[in-house]
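# Structural description and commentary
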Amino acid sequence: GAVVSQHPSRVICKSGTSVKIECRSLDFQATTMFWYRQFPKKSLMLMATSNEGSKATYEQGVEKDKFLINHASLTLSTLTVTSAHPEDSSFYICSAPDRNYGYTFGSGTRLTVV
Amino acid sequence: AQSVTQLGSHVSVSEGALVLLRCNYSSSVPPYLFWYVQYPNQGLQLLLKYTTGATLVKGINGFEAEFKKSETSFHLTKPSAHMSDAAEYFCAVSDAPTGKLIFGQGTTLQVKP
């Protein structure tokens, strides 16, 4: 079946640094990737939609300059949290539509900013 | 725009009892509906989905859901709860096969021995 590999699974970084999260579709071409953020005990909030070869579309209230999304190829989409602060600590998950009218999710990245 | 409401943020059942997790949706077009399960610090696992066709959908681990257009509902059920069913459950809706997937607030299922 379709697999989206997300790395890293956990990352701890210092305030002010940037962190890159990668999502790779392993056995299918992901022309679209959705990026979600999940706070503890909360639901998934859609942050942005990336499309291969074009600019990402951000949801209302999401800072484009804080969360840089790049979708340079049909198998790789990245989310870079720039100048991270403790309030950016969260669980980030990517998802791509698959061939079976469904969505394949990455395993998530737990980001902790100290 | 689509939206999803899950009634009950926390549901507690005894092992062996019926599980019923409620989901109502709003969509201006025929929806694609999903139920996902999430265990702590993990990604999401698809339980089942409705796209078109039969309104009663069977999924993994004994779960099923019925799409009721007149009630705009897609409730998740399982006849007999297992301890391993304890997790967070999310209902989600999309207005297209590759459209944005919008999640409900989630329901925590607790299974008591």
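See above for the structure.
Residues numbered from 1 in each chain as written. Chains lettered and ligands numbered in written order. Predicted model: local features only at pLDDT ≥ 70, side-chain atom pairs only at ≥ 80, totals over all residues. Heavy atoms only, no water.

So, about the overall build of chain B. Helix and strand counts for chain B come out as zero helices and 11 strands. Taken from N to C terminus, the helices and strands of chain B fall in the order β-β-β-β-β-β-β-β-β-β-β. Relative to the compact-globule value of 13 Å for 113 residues, chain B shows a C-alpha radius of gyration of 13 Å, a close match. Dimensions along the principal axes, computed over C-alpha positions, put chain B at roughly 40 × 30 × 20 Å. Within chain B, the fraction of its 113 residues that count as buried is 43%. Taking all contacts inside chain B whose residues are at least 6 apart in sequence as the whole, residues at least 24 apart take part in 56%. Here chain B displays about 5,200 Å² of accessible surface, and carbon together with sulfur accounts for 53% of that area. Averaging the locations of the 8 positively and 7 negatively charged side chains of chain B gives two centres separated by 3 Å. (Helix = DSSP H or I, 4+ residues; strand = E, 2+ residues; numbered from the N terminus. Rg over C-alpha atoms; globule rule 2.2 N^0.38 Å. Buried < 20%, exposed > 50% of the residue type's maximum accessible area, 1.4 Å probe, protein only. Contact = heavy atoms within 4.5 Å. Areas by Shrake-Rupley, 256 points an atom, 1.4 Å probe, with all protein chains shown as cover. Lys, Arg positive; Asp, Glu negative; His and termini not counted. Charge placed at Lys NZ, Arg CZ, Asp CG, Glu CD.)

This paragraph deals with the overall build of chain A. Counting its regular elements, chain A contains zero helices and 11 strands. Taking 13 Å as the expected radius of gyration for a compact globule of 114 residues, we find that chain A reaches 13 Å, a close match to that expectation. Once the C-alpha set of chain A is aligned to its principal axes, its extents read approximately 40 × 25 × 20 Å. Burial analysis of chain A (114 residues in total) assigns 52% to the buried set. Summarising the internal contacts of chain A: among those between residues at least 6 apart in sequence, 53% fall at separations of at least 24. In the form shown here, chain A has an accessible surface area of approximately 5,600 Å², with 51% of it arising from carbon and sulfur atoms. Of note, chain A has its 12 positive side-chain charges centred 6 Å away from the centre of its 9 negative side-chain charges.

If you walk through the whole model with that rule in mind, you get five salt bridges over all chains. In this structure, the salt-bridge partner of Glu59(A) is Lys100(B), at a minimum N-O distance of 3.2 Å. Here Glu59(A) is found in the loop between strand E6 (57-58) and strand E7 (67-73), whereas its partner Lys100(B) is found in the loop between strand E9 (87-94) and strand E10 (102-103) on a different chain. In this structure, Lys58(B) and Glu64(B) form a salt bridge, with 2.7 Å as the shortest nitrogen-oxygen distance. Residue classification places Lys58(B) among the exposed residues on the basis of a relative accessible area of 61%. Of the residues examined, Glu64(B) reaches a relative accessible area of 23% and is grouped as partly exposed. (Salt bridge = Lys/Arg side-chain N within 4 Å of Asp/Glu carboxyl O.)

A few words on the sheet that holds E7(A). Residue and element names in this part refer to chain A. Here we have four strands laid out as an open sheet, ordered E1-E3-E8-E7, and antiparallel in their pairing. Two strands in the sheet have a free side with no partner beyond their single neighbour: strand E1 (4-7) and E7. Neighbour-to-neighbour, the strand axes of the sheet open up by a mean angle of 15 degrees, direction not taken into account. Sheet analysis places strand E3 (residues 19-25) next to strand E8 (residues 76-81), joined by six bridges and oriented antiparallel. Bridge pairing in E8 links arginine 24 to leucine 76. (Pairing = 2+ DSSP bridges. Axes fitted to C-alpha atoms, helices over the stretch in contact; angles between N-to-C directions.)

A word on the state of the cysteines. Counted under the stated rule, the structure contains two disulfides over all chains. The disulfide partner of Cys23(A) is Cys94(A), and the S-S distance across this bridge is 1.8 Å. Residues Cys23(A) and Cys94(A) share a disulfide whose torsion about the S-S bond is about -95 degrees; that sign makes it left-handed. One end of the pair, Cys23(A), is in strand E3; the other, Cys94(A), is in strand E9 (residues 90-97), with 71 residues separating them in the sequence. Of the two residues, Cys23(A) and Cys94(A), both sit in the buried class. In this model Cys23(B) forms its disulfide with Cys91(B); the gap between the sulfur atoms is 2.0 Å. In this structure the cystine formed by Cys23(B) and Cys91(B) twists about its S-S bond by roughly -65 degrees; its chirality is therefore left-handed. Of this pair, Cys23(B) sits in strand E3 (residues 19-26) while Cys91(B) sits in strand E9, and the two are 68 residues apart along the sequence. Take Cys23(B) and Cys91(B): they sit in the same class, and that class is buried. Unpaired in this structure, Cys13(A) has its nearest cysteine sulfur neighbour in Cys23(A), at a distance of 17 Å. Here Cys13(A) falls in the buried class, since its relative accessible area comes to 9%. (Disulfide = S-S within 2.5 Å.)

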